Amino acid sequence: MSEVSNQLPADPISAVGVIASLSKAPDGYYVVAQTTDGSDADLWKDGLFKSKVTRYLCFTRKTGADVVVDVKLIDIKDALPEGFTPVEVTLDTKETATRKSRLCVKSSPCAAAVTAVYDIQMIAKSKYHLVNYACIGEINSMGVWYRMGDVSQHQSSQETSSTAHGDAPANTASKRTTSRPDDEHQSSGNYTMTALDDVPFAIPEKFYENPKEFQYNFTTERSIAV
């Protein structure tokens, strides 16, 4: 049996589906094409008759508003569990997703979820067990196992990453500034730039206490600039 990582995936599953063709999985979706021992994980295959119809479970961990918080596998005749949505058609061909059994998914806003489904695996033989995984049932003699994880840990990891790569806080310190007196010089109706144009003058706070004492008329600068 192939090894399954004991490490929890970085992101929870945000959507679960079924596809008819391995080559037509939606972007960002992981297809459970094989069981943990390397066997074909076709959900539709018939043990007596060879069929061209195939179905494979798939899921995505794309970051979104919702996360998958539970998955159930029920008989096609059973009532739909409260709060669950059935996977009724394939994502790629819009055909019936499964037969005899029905895959149901429960989603929740990420901000409200305490735990979520992080991984789904298929096991060919029911005698095998996956550490840290729980079995939700069997379909076509294959066990469907999923792994739960704490959503708060995932959110904390995202916040830490955002803080590490975020912009530095804006400088909120204010500074009182004033512009120099108008030094425009008119010559034949055309404006002539002077050496002091676009030069800001910053006056310290103490000079505002007694403005007359520090009044300056820029006479020397005017004579140089002309």
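Residues numbered from 1 in each chain as written. Predicted model: local features only at pLDDT ≥ 70, side-chain atom pairs only at ≥ 80, totals over all residues. Heavy atoms only, no water.

**Some details on the overall build of the protein**
Stated precisely, the cut-off is as follows: Counting from the N terminus, the helices are DSSP H or I runs at least four residues long and the strands are E runs at least two residues long. By definition, residues are in contact when any of their heavy atoms lie within 4.5 Å.
Secondary structure summary: the protein contains two helices and eleven strands in total. The helix and strand sequence of the protein, counted from the amino end, reads β-β-β-β-β-β-β-β-β-α-β-β-α. At a minimum sequence separation of 6, the contacts of the protein that also span at least 24 residues come to 70%.

**Regarding the nonpolar core**
Short version of the rule: Definition used in this section: a nonpolar core is a set of buried Ala, Val, Leu, Ile, Met, Phe, Trp, Tyr and Cys residues joined via side-chain atoms within 4.5 Å. Exposure is judged per residue with a 1.4 Å probe applied to protein chains only, and the accessible area is read against the type maximum: over 50% gives exposed, under 20% gives buried, and values in between give partly exposed.
By size, the foremost hydrophobic cluster in this structure holds 23 residues, and its most contacted members are Val16, Leu103, Ile120 and Met122. Broken down by secondary-structure element, the contributors of at least two residues to this core are strand S1 (15–19), strand S3 (56–60), strand S4 (66–75), strand S6 (101–109), strand S7 (115–123), strand S8 (134–139) and strand S9 (142–150). Not counting residues within four places of it along the chain, the set of residues in contact with Leu103 comprises Val16, Leu57, Val71, Lys72, Leu73, Thr85, Pro86, Val87, Thr98 and Ile136.

**Section: the packing of aromatic side chains**
Going by this rule: Two rings belonging to Phe, Tyr or Trp (six-membered ring only in the last case) form a pair when the distance between their centres is within 6.5 Å. Interplanar angles under 30 degrees mark stacking, angles over 60 mark edge-to-face geometry, and anything in between is tilted.
Following the criterion strictly, the structure yields one aromatic pair and no others. Each ring, one from Tyr30 and one from Phe59, has its centre 5.3 Å from the other, and the planes form 50 degrees; the classification is tilted. One end of the pair, Tyr30, is in strand S2 (residues 29–31); the other, Phe59, is in strand S3, with 29 residues separating them in the sequence. For Tyr30, a relative accessible area of 44% puts it in the partly exposed group.

**Side note on the sheet that holds S3**
Worth spelling out the cut-off: At least two DSSP bridges between two strands are required for those strands to pair. In this analysis an axis means a line fitted to C-alpha atoms, helices contributing only their contacting stretch, and an angle means the value between N-to-C directions, from 0 to 180 degrees.
Spatially, S1-S3-S2 is the arrangement adopted by the three strands of the open sheet, whose pairing is antiparallel. In this open sheet, the two strands that pair with only one neighbour each are S1 and S2. For this sheet, the mean inter-axis angle between neighbouring strands, taken without regard to orientation, is 30 degrees. Where S2 lies against S3, three bridges are found, and the strand directions are antiparallel. Considered in S3, the bridge of Val31 is made with Cys58.

**Describing unusual backbone geometry**
Even without being a glycine, Lys100 presents a positive backbone phi close to 70 degrees. On the accessibility criterion, Lys100 (62% relative accessible area) is exposed. A positive phi is found at Ser141, a non-glycine position, where the angle reads about 65 degrees. Looking at where Ser141 falls in the secondary structure, it is placed in the loop between S8 and S9. Ser141 sits in the exposed class, given a relative accessible area of 57%.

**Observations concerning the sheet that holds S6**
The strand order across the open sheet built from three strands is S4-S6-S5, with neighbouring strands paired in antiparallel fashion. Since the sheet does not close on itself, it has two edges, and those belong to S4 and strand S5 (85–86), each with one partner. Sheet topology places S5 next to S6; two bridges connect them, and they run antiparallel. When the bridges of S6 are listed, Pro86 appears paired with Cys104.

**Let's talk about the side chain of Ser108**
Looking at where Ser108 falls in the secondary structure, it is placed in strand S6. Ser108 has contacts with Ala65, Asp66, Val67, Val69 and Ala113, leaving out every residue within four places of it along the chain.

**A word on the pairing of S4**
Along any regular strand, the residues point their side chains to alternate faces of the sheet. Most of S4 sits out of view: seven of its ten residues are buried. Taken together, the nine bridges between S4 and S6 define a ladder with antiparallel strand orientation. Within S6, the position partnered with Leu73 by the bridge is Leu103.

**Re the confidence of the model for the protein**
Put simply, the rule reads: One number per residue, pLDDT, summarises how confident the predictor is, and it ranges from 0 to 100.
In the predicted model, the protein carries a mean pLDDT of 78, and the fraction of residues at 70 or more is 62%. Within the model, the stretch residues 167–192 combines pLDDT values under 50 with 26 contacts to residues more than four positions away or in other chains.

**What about the environment of Asp11?**
Of note, Asp11 is situated in the segment before S1. Classification of Asp11 as partly exposed rests on a relative accessible area of 26%. The spacing of Asp11 and Val151 is 140 residues in sequence and 8.8 Å in space, taken between C-alpha atoms.

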